[in-house]
Amino acid sequence: MPHRRVVVTGMGAVSGTGIGVASLWSAARSGQSAVGEIISERALQGHIKIAAQVKNFKPEQYIEPLVMPFCDRFTQIAIAAADEALAQAQFSRKDRLGDRTGVIVGTGVGGYTSIDDLNFTFYVLKSRTHPMTIPRGMSNGAASHICTRYGCTGPSFAVSSACSSANQAIGIGAFFIRTGLIDRAIVGGSEAGLTPTAMRAWENLRVLTPDFCRPFSKERNGMVLGEGAGIFVLEAEEIARARKTEPLAEIAGYGTTSDAKDMVRPDIDGAEKAMRLALVDAGLSPDAIDYVNAHGTGTILNDVVETEALRRVFGSRLPNLPVSSTKPVHGHGLGAAGALELAITIMAMRENVAPPTINFLHPDPNCDLDPVPNHARELPIRAAMSNSFAFGGINACLIVTRTD
Amino acid sequence: MDDLKQDTIDRAEIEKQILDVFVTDGMVDRAKITPDATLESLEVQSVDVMMILMAIEEKFDVYIPIDGKIAESKNLNDFVQTLTDRIVEERTSRAT
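About the criteria used
- Residues numbered from 1 in each chain as written.
- Chains lettered and ligands numbered in written order.
- Predicted model: local features only at pLDDT ≥ 70, side-chain atom pairs only at ≥ 80, totals over all residues.
- Heavy atoms only, no water.
- Buried < 20%, exposed > 50% of the residue type's maximum accessible area, 1.4 Å probe, protein only.
- Helix = DSSP H or I, 4+ residues; strand = E, 2+ residues; numbered from the N terminus.
- Pairing = 2+ DSSP bridges.
- Contact = heavy atoms within 4.5 Å.
- Buried area = accessible area lost by both parts, 1.4 Å probe.
- Salt bridge = Lys/Arg side-chain N within 4 Å of Asp/Glu carboxyl O.
- Polar contact = N/O pair within 3.5 Å; in protein donor to acceptor, adjacent residues only side chain to side chain.
- Nonpolar A, V, L, I, M, F, W, Y, C, P; charged D, E, K, R; others polar.
- Phe/Tyr/Trp six-rings, centres within 6.5 Å; stacked < 30°, edge-to-face > 60°.
- Axes fitted to C-alpha atoms, helices over the stretch in contact; angles between N-to-C directions.
- Parallel < 35°, antiparallel > 145°, perpendicular 65-115°, else oblique.
- Left-handed = near helix turned anticlockwise from the far one by under 90°.
- Expected span 1.5 Å × (residues − 1).
- Domains from an automatic or database assignment.

**Describing the pairing of strand β15 (residues 394–401) of chain A**
Remember that side chains alternate between the two faces of the sheet whenever the strand is regular.
Residues and elements named next belong to chain A.
Part 1 of the argument: With 7 of its 8 residues buried, β15 lies for the most part within the structure.
Part 2 of the argument: Two strands pair when backbone bridges link them, and strand β9 (residues 249–258) and β15 are joined in this way by 8 bridges, in the antiparallel orientation. Along β15, the bridge assignment pairs tyrosine 254 with leucine 398.
Part 3 of the argument: With 8 bridges connecting them, strand β14 (residues 383–390) and β15 associate as antiparallel partners. The residue bridging serine 388 from the neighbouring strand is alanine 396, located in β15.
Part 4 of the argument: Remark: 3 residues form the turn of the hairpin made by β14 and β15, two consecutive strands paired antiparallel; glycine 392 in that turn has positive phi of roughly 95°.

Right, dumping it as structure tokens:
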């Protein structure tokens, strides 16, 4: 069977920057950060009170009253992102997509808000808990609701691999189409867990910045969390062309590895291999990559390790390779990170603009790449790479190319 | 001069309390604590470092992000000095 090409025909996003890919891309391109004080029903008790939270999201605008009790916040925002992606791909809810469409949505922890509510109601309030806590909390909630909404009866599941969840969900969806298992996949990632308990738990890991997330900058002191969802419609190219839809990009390469070492320390070997596998899969040499959207969390260790892995792959070109992290804008979306960043990477390629790494102060000699500091830069982008490296030692790299 | 003396006393007291945390929360043998001791020589694992930082945070009501200075601490003395700087900074900024 000839190699089937996989294209993106729709994208949707909900993030701290607002509802829609347009607001996400606009914020990433202009360097407008969505980070601010977290608004929470229950008091944040730790020192860190900032994140890129989804604000002014009204789930009732998307979800029917009878469905709502089954939807955790991570499912709600995934549905809104899916509606945008499917509309762009020219599908409506009247189109029941059937057996040849799969739905694979990544999430780090799934319905964390519902679990948090359960614990608070049970242990503290000692009152009646939400009867649908179990289906709300399950990690496949987002994927299953999208299936029901659009009548997708092909394979569906959640990918849960912490911060690599979305990249793996997108990669596996593309592979399913390539192998002929399905023709179309609705893929991406969603995460909504900025509760006081989660914030406290993250704070205890000492990876959060108390002030500004500054990836690759000498002064960096940690990451900033975010929440959001990014959903894509992937299709076999011939199927998309037959429908006369205009592909936005091709998912050209996917590579994934496991460090098999430490649960929290990033690893140069694992990250390097994931990037190399994605290049081999795409049939591209490293020189073909014009822009890299980095994992770039802004912790001391991640950024040094990622730079070293990039050096092994890109060699002497590294100081001139545009590699930016957009996490200071939309926050670290955890299970949604790869999806938000792929949407940005595809927009960067379509508009030939590398978005900046904001909050950048001074170069770190240990991170001698070109971080596109503080201001977007116009440059021709024919192929771009997007990295995600997760706790548990799971690395996942995607490569997108133009379709024209 | 009085200010300087006060600061010196405060620092010494803070350093002592930090080392106490190493013993109580990091389960480090006090006899092994010397200025050139390293986290490796004290057999302090990464989970222990997190427990130590948490205990220091509770004790001094500060947040210690991992920045270059902390990450590059070569030995116990560097580590304690950096933590002390943070605590003094935090207290000074609160006092003003």
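**Looking at the interface of chain A and chain B**
Part 1 of the argument: With 14 residues of chain A in contact, the opposing surface of chain B contributes 14 residues.
Part 2 of the argument: Both sides of the chain A and chain B interface together cover about 1,200 Å² of buried area, and 57% of this is carbon and sulfur.
Part 3 of the argument: When the buried area of chain A at its contact with chain B is split by residue, A:His47, A:Arg206 and A:Ile300 rank highest and sum to 55% of it.
Part 4 of the argument: Inspection of the region where chain A meets chain B yields 2 salt bridges.
Part 5 of the argument: Linking A:Arg206 and B:Glu57 is a salt bridge whose minimum nitrogen-to-oxygen distance equals 3.1 Å.
Part 6 of the argument: Taken together, the connections running from chain A to chain B amount to 5 residue pairs in polar contact (both at pLDDT 80 or more).
Part 7 of the argument: The biggest single contributor to the side of chain A that touches chain B is helix α7 (residues 196–204) of chain A, with 3 residues.
Part 8 of the argument: Residues belonging to the side of chain A that touches chain B are distributed by class as follows: 6 nonpolar, 4 polar and 4 charged.

**Overview of the side chain of A:Asn204**
Part 1 of the argument: Residue placement: A:Asn204 occurs in helix α7.
Part 2 of the argument: In this structure A:Asn204 touches B:Met50 and B:Met54, once residues within four positions along its chain are discounted.

**Focus on the packing of aromatic side chains**
Residue and element names in this part refer to chain A.
Part 1 of the argument: Overall, the coordinates contain 6 aromatic pairs over all chains when judged by the stated rule.
Part 2 of the argument: Summarising the aromatic geometry, the rings of phenylalanine 157 and phenylalanine 176 are spaced 6.1 Å apart at their centres and angled 70° between planes, so their arrangement reads as edge-to-face. Of this pair, phenylalanine 157 sits in strand β6 (residues 156–159) while phenylalanine 176 sits in helix α6 (residues 165–179); the two residues are 19 residues apart in sequence, bridging distant segments of the chain.
Part 3 of the argument: Ring geometry for tryptophan 202 against phenylalanine 391: centres 6.0 Å apart, planes inclined by 25°, an arrangement best described as stacked.

**Here we look at the packing of helix α9 (residues 268–282) of chain A against helix α10 (residues 300–314) of chain A**
Residues and elements named next belong to chain A.
Part 1 of the argument: At a closest axis distance of 8 Å, the pairing of α9 and α10 adopts a crossing angle of 45°. Taken together, the axis directions place α9 and α10 in an arrangement best described as oblique. Taken as a pair, α9 and α10 cross one another with a handedness that is right-handed. Facing α9, whose interface residues are Ile268, Asp269, Ala271, Glu272, Met275, Arg276 and Leu279, α10 presents Val305, Glu308, Ala309, Leu310, Arg312 and Val313.
Part 2 of the argument: Of the residues contributing to the contact of α9 with α10, the split by class is 8 nonpolar, no polar and 5 charged.

**A closer look at helix α3 (residues 112–125) of chain A**
Residues and elements named next belong to chain A.
Part 1 of the argument: Along its 14 residues, α3 runs 18 Å from first to last C-alpha, staying within 8% of the 20 Å computed at 1.5 Å per residue.
Part 2 of the argument: Buried residues along α3 sit in contact with α4 (133–137) and α7.
Part 3 of the argument: Phi turns positive, to about 50°, at lysine 126, one or two residues after α3.

**Here we look at the domain arrangement of chain A**
Note: interface size is frequently given as the accessible area lost on complex formation between the parts.
Residues and elements named next belong to chain A.
Part 1 of the argument: Segmentation of chain A into domains returns domain 1 (6–249) and domain 2 (253–401).
Part 2 of the argument: Inter-centroid distance (C-alpha atoms) of domain 1 to domain 2 is 21 Å.
Part 3 of the argument: Each partner contributes to the interface: domain 1 provides 63 residues, whereas domain 2 provides 68 residues.
Part 4 of the argument: Where domain 1 abuts domain 2, roughly 5,000 Å² becomes buried across the two surfaces, and 68% of that area is made up of carbon and sulfur atoms.
Part 5 of the argument: Its largest share of buried area at the contact with domain 2, domain 1 owes to Trp25, Phe216 and Arg220, together 18% of the area lost on that side.
Part 6 of the argument: Counting across the interface, domain 1 meets domain 2 through 4 salt bridges.
Part 7 of the argument: Of the charged contacts, one joins aspartate 303 and arginine 220 as a salt bridge, the two residues approaching to 3.5 Å between their closest N and O atoms.
Part 8 of the argument: Our enumeration of links across domain 1 and domain 2 arrives at 28 residue pairs in polar contact (both at pLDDT 80 or more).

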